[in-house]
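Take a look at the letters that make up each chain.
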Amino acid sequence: VKAIASAANQVYALGPGNIVFVEIELPQGIISGSTFGKTIQFKLSSIGGNSDVFERTNTNLSLVNLPMLEGKHYFKIEMTNTPPDYNVLITETTP
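Chains are numbered independently. Their residues run from 1 in the order of the written sequence. Note on the predicted model: pLDDT of at least 70 is required for a residue's local features to be given, and 80 or more for side-chain atom pairs to be given and counted; whole-chain, interface and lining totals, by contrast, use all residues. The basis for every side-chain value is the complete set of non-hydrogen atoms in the structure, without hydrogens or water.

**Here we look at the overall build of the protein chain**
Quick reminder of the rule: A run of DSSP states H or I qualifies as a helix once it reaches four residues; a run of E qualifies as a strand once it reaches two. Both are numbered from the N-terminal end. Here the radius of gyration uses the C-alpha set of atoms, whereas the globule reference equals 2.2 Å times the residue count to the power 0.38. A 1.4 Å probe rolled over the protein chains alone gives each residue an accessible area, and that area as a share of the maximum for its type sets the label: buried under 20%, exposed over 50%, partly exposed in between.
Along the backbone of the protein chain there are 1 helix and 7 strands. Listing each helix as α and each strand as β along the protein chain from the N terminus yields α-β-β-β-β-β-β-β. Since a compact globule built from 95 residues should have a radius of gyration of about 12 Å, the 13 Å found for the protein chain is in line with a globular shape. Based on the C-alpha atoms only, the size of the protein chain along its principal axes is roughly 45 × 25 × 20 Å. Classification of the 95 residues of the protein chain by burial places 33% in the buried group.

Printed below as a string of structure tokens:
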């Protein structure tokens, strides 16, 4: 989650039209993933119960196609060109 949030902050600082690609390893037990406002969150299941892992960013986020399978995944983090409420779009992609 931290790597995705960091990349979102990076493209936000660079401005509209900028893109960064991020590779992350998702753990076993992902129940859901979501964005709301400036926060990205994963809900994980573990022996002790469910846990929320989240990071806050400097910009509004839009999340598309979040995988639920453990393992290596690649994400495209893109600053959109849509004023006045610029968003960072997060989509899963291939390497």
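Alright, that's what it looks like, and here's the rest.
**As for the pattern of salt bridges**
We apply this condition: We define a salt bridge as a side-chain nitrogen of Lys or Arg found within 4 Å of a carboxyl oxygen belonging to Asp or Glu.
Evaluated as defined, the whole model comprises 3 salt bridges. When the shortest N-O distance is used, the salt bridge between K76 and E78 registers 3.7 Å. Judged by relative accessible area, which is 25%, K76 ranks as partly exposed.

**Digging into the environment of G15**
Of note, G15 is situated in the loop between α1 (2-14) and β1 (19-26). Separated by 66 residues in the primary sequence, G15 and N81 place their C-alpha atoms 8.6 Å from one another.

**Digging into the sheet that holds strand β3 (residues 39-46)**
Condition: Between any two strands, pairing holds if DSSP finds at least two bridges. To define axes, lines are fitted to C-alpha atoms, for helices over the stretch in contact only, and angles between the resulting N-to-C directions are given on a 0 to 180 degree scale.
Reading across the sheet, the 3 strands line up as β2-β3-β4 and stay open at both edges, with antiparallel pairing between neighbours. Both outer strands of the open sheet, β2 (30-36) and β4 (49-56), are each paired with one neighbouring strand and no more. Strand after strand, the sheet turns through a mean of 15° between neighbouring axes, direction not considered. Pairing of β3 with β4 involves 8 bridges; the strand directions are antiparallel. What sits directly across from I40, in β4, is E55.

**Digging into the side chain of Q41**
Spelled out, the test is: What qualifies as a polar contact is a pair of N or O atoms within 3.5 Å, subject to a donor-acceptor requirement within protein and to the restriction that residues adjacent in sequence count only when both atoms come from side chains. When checking whether two residues touch, look at their non-hydrogen atoms; a contact exists if any pair is within 4.5 Å.
By secondary structure assignment, the location of Q41 is in strand β3. Polar contacts involving the side chain of Q41 include one to the side chain of D52, which spans 3.2 Å. Non-local contacts of Q41, meaning those with residues more than four positions away in its chain, are made with S32, G33, S34, F36, D52, V53 and F54.

**Re the pairing of strand β6 (residues 71-79)**
Of the strand pairs in this sheet, β1 and β6 are connected by 8 bridges, and their pairing is antiparallel. Looking at β6, one finds that L26 is bridged to G71. The pairing of β6 with strand β7 (residues 87-93) spans 6 bridges and is antiparallel. Opposite K76, over in β7, you have T91 as the bridge partner.

**Observations regarding the confidence of the model for the protein chain**
Short version of the rule: Confidence per residue, as judged by the predictor, is encoded in pLDDT with a range of 0 to 100.
When pLDDT is averaged along the protein chain, the result is 89; 95% of the residues meet or exceed 70. Ranking the elements of the protein chain by mean pLDDT puts strand β5 (residues 60-64) last, at 83, and α1 first, at 95.

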